[in-house]
Amino acid sequence: MNPSGALPFLPGCGIVRGVNATVTQLTDRLIHSYAKVGGINHLDGKNLPSKSVIAGITVDLLRLLFPGFFDEKTIHSSELKVEMVALLDSVKKNIGAAAHGVTIEFLASLARLREVLSTDVEAAFSGDPAALSREEIIVAYPFIEAIAVQRMAHELYLRPIALIPRIMGEWAHARTGIDLHPGAQIGTHFFVDHGTGTVVGETTIIGNHVKIYHGVTLGAKSTAEVEQLRGKKRHPTIEDQVTIYPGATILGGETVIGEGSTIGGNVFLTRSIPPHSLVVFEGVTMKVIDKRQRTKAKADFQI
């Protein structure tokens, strides 16, 4: 390997000139593309939030919400105040340059969010027999990270702060596989078991003591007329004490799932249901046969 990083060719061989010419041509093509294809450039404008900086801020915020759980080293009680002051100061400097007052309001909400998140931890512990402790839930369950980030991003979304809430939400989505839009209104004692593939849209309203499983979609019926739908309620309302099993899809801004209801796995709903309903598929048949009795003509499934 050439430690200098230079191309391993003699200056007069002609290859270097060819490579340089090719790079120049490619650069010219890209510059031409920037001029021709607008909408995906951001040149000569205001600075956009840095995704890496927002990711770092989000980790610091998680450390503030769950001291000792997202830290690389043990924090002793005697050091807690110093650590928290340093973290708060760091977060305030990074997100408070444009809106100091809003940042202070947001940081003031963290104590209240901790109380709400403690109900989410409790819901996970009481709702999952595999959970051995509340500490395990905070350390190991991706849901807790996803809902903690969503609740913080929701506070910024309400202010409103541009872009940062969405970047935070997508950072958590990429890490956990759980897509909780910062605009969604989510009550206390919320739990997403397993969580992978679950989607909760922007205008969803979720009550208290709601439990949903992996692969659930709380979405919009249609996005064909985007401009007319922007800012309107497009996603369902889930009332208190509802359980939604894996793979269920519930769509529409006028769809209301009544309190105390249970939605079975793989159900597809686009209309409201009354309180204390059980929604399941009927008429779906399954056949179990003895593989040894099958003929060779009816071969097993192959991949």
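As a reminder, the structure under discussion sits directly above these lines.
Residues numbered from 1 in each chain as written. Predicted model: local features only at pLDDT ≥ 70, side-chain atom pairs only at ≥ 80, totals over all residues. Heavy atoms only, no water.

1. Considering the overall build of the protein chain
This is how the line gets drawn: Per the convention used, a helix needs a DSSP run of H or I reaching at least four residues, while a strand needs a run of E reaching at least two, with both numbered from the N terminus. Residue burial is assigned from relative accessible area. The probe radius is 1.4 Å, only protein chains are included, and a residue is buried under 20% of its type maximum, exposed over 50%, and partly exposed in between. Where accessible areas are quoted, they stem from the Shrake-Rupley method and a 1.4 Å probe; at the residue level, only the protein chains shown are allowed to cover.
Within the protein chain, the regular secondary structure consists of nine helices and 14 strands. Relative to its 303 residues, the protein chain shows a buried fraction of 37%. Approximately 18,700 Å² of the protein chain is accessible, and the part contributed by carbon and sulfur atoms is 57%.

2. Describing the sheet that holds strand 11 (residues 256-257)
To keep it simple, the criterion reads: Any two strands between which DSSP finds at least two bridges are classified as paired.
On the basis of which strands lie adjacent, the open sheet formed by four strands has the order 2-5-8-11 and parallel pairing. Among the strands making up the open sheet, the edge pair consists of strand 2 (185-186) and strand 11. Across two bridges, the pairing between strand 5 (residues 205-206) and strand 8 (residues 237-238) is parallel. Each residue of the ladder has a partner; that of I206, found in strand 8, is I238.

3. Brief notes about a nonpolar patch on the surface
This is how the line gets drawn: Note on patches: the residues involved have over 30% relative accessible area and no salt bridge, like charges join within 9 Å, and the nonpolar side chains Val, Leu, Ile, Met, Phe, Trp and Tyr join within 5 Å. Here, a salt bridge means any Lys or Arg side-chain nitrogen found within 4 Å of an Asp or Glu carboxyl oxygen.
A grouping of L30, I31 and Y34 is seen on the molecular surface, where their side chains present a nonpolar patch of about 290 Å² in accessible area. With respect to the secondary-structure elements, Y34 resides in helix 1 (residues 15-36). Judged by relative accessible area, which is 39%, Y34 ranks as partly exposed.

4. What to know about the sheet that holds strand 7 (residues 217-219)
The five strands lie next to each other as 1-4-7-10-13, forming an open sheet whose pairing is parallel. Across the chains shown, the open sheet's two edge strands, defined by having one partner strand only, are strand 1 (179-180) and strand 13 (268-269). One ladder, built from two bridges, connects strand 4 (residues 199-200) with strand 7; its direction is parallel. Along strand 7, the bridge assignment pairs V200 with L218.

5. Things to note about the packing of aromatic side chains
As a reminder, the rule being used: Between 30 and 60 degrees the pair is tilted, below 30 it is stacked and above 60 it is edge-to-face, where a pair is any two Phe, Tyr or Trp rings, Trp via its six-membered ring, whose centres lie within 6.5 Å.
Per the counting criterion, the structure on display carries three aromatic pairs. A centroid spacing of 5.9 Å and a plane angle of 65° characterise the contact between F143 and F190, whose relative ring orientation is edge-to-face. Within this pair, whereas F143 is found in helix 7 (residues 142-158), its partner F190 is found in the loop between strand 2 and strand 3 (191-193), the two being separated by 47 residues in sequence. Note on F143: relative accessible area 1%, which makes it buried. F190 gets classed as buried once you look at its relative accessible area, which sits at 0%. Ring centres of F143 and F191 lie 5.5 Å apart, and the angle between their planes is 70°; on these two criteria the pair is classed as edge-to-face.

6. Some points on helix 7
To keep it simple, the criterion reads: One less than the number of residues in a helix, times 1.5 Å, gives the span that helix is expected to have.
In this model helix 7 runs 24 Å from its N-terminal to its C-terminal C-alpha over 17 residues, within 8% of the 24 Å that 1.5 Å per residue would give. Taking burial as the measure, the 17 residues of helix 7 include 14 buried ones, the bulk of the element.

7. Observations regarding the environment of T204
Selection rule: We call two residues contacting when some pair of their heavy atoms lies within 4.5 Å.
Relative to the helices and strands, T204 resides in the loop between strand 4 and strand 5. Judged by relative accessible area, which is 0%, T204 ranks as buried. Sequence-wise, T204 and L251 are 47 residues apart; in three dimensions their C-alpha atoms are separated by 9.8 Å. Not counting residues up to four positions away in its chain, the partners in contact with T204 are A184, Q185, L218, H235 and P236.

8. Quick notes on the packing of helix 2 (residues 51-65) against helix 5 (residues 110-127)
How we decide: Note on definitions: angles span 0 to 180 degrees between N-to-C directions of axes, and those axes are lines fitted to C-alpha atoms, for helices only across the stretch in contact. Should an angle fall under 35 degrees it is taken as roughly parallel, and over 145 as roughly antiparallel, whereas 65 to 115 is taken as roughly perpendicular and any remaining angle as oblique. We call a crossing left-handed when the near helix sits turned anticlockwise from the far one by less than a right angle, and right-handed when that turn is clockwise.
At a closest axis distance of 10 Å, the pairing of helix 2 and helix 5 adopts a crossing angle of 70°. Looking at the two axes, helix 2 sits roughly perpendicular to helix 5. Remark: the crossing between helix 2 and helix 5 carries right-handed chirality. Contacts from L61, L64 and L65 in helix 2 reach L110, L113, R114 and L117 in helix 5.

9. Describing the nonpolar core
Test applied: Residues enter a nonpolar core if they are buried and are Ala, Val, Leu, Ile, Met, Phe, Trp, Tyr or Cys, with the set joined through side-chain atoms within 4.5 Å.
Core analysis: the biggest nonpolar cluster contains 58 residues, and M152, I244 and I263 have the highest contact counts within it. Among the secondary structure elements, those contributing two or more residues to this core are helix 2, helix 4 (100-108), helix 5, helix 6 (134-140), helix 7, helix 8 (164-176) and strand 3. Among the elements that make up this core, the one with the highest residue count is helix 7 (nine residues). In this view, I244 contacts K211, I212, Y213, V216, L218, I238, I250 and I263; residues no more than four positions away in its chain are not counted.

10. Overview of helix 2
Taking 1.5 Å of rise per residue, 15 residues should cover 21 Å, and helix 2 covers 21 Å from first to last C-alpha, within 8% of that figure. Within the sequence span of helix 2, burial applies to I54, A55, I57, T58, D60, L61, L62, R63, L64 and L65.

Everything listed here is a matter of geometry and, on its own, says nothing about what the molecule does.
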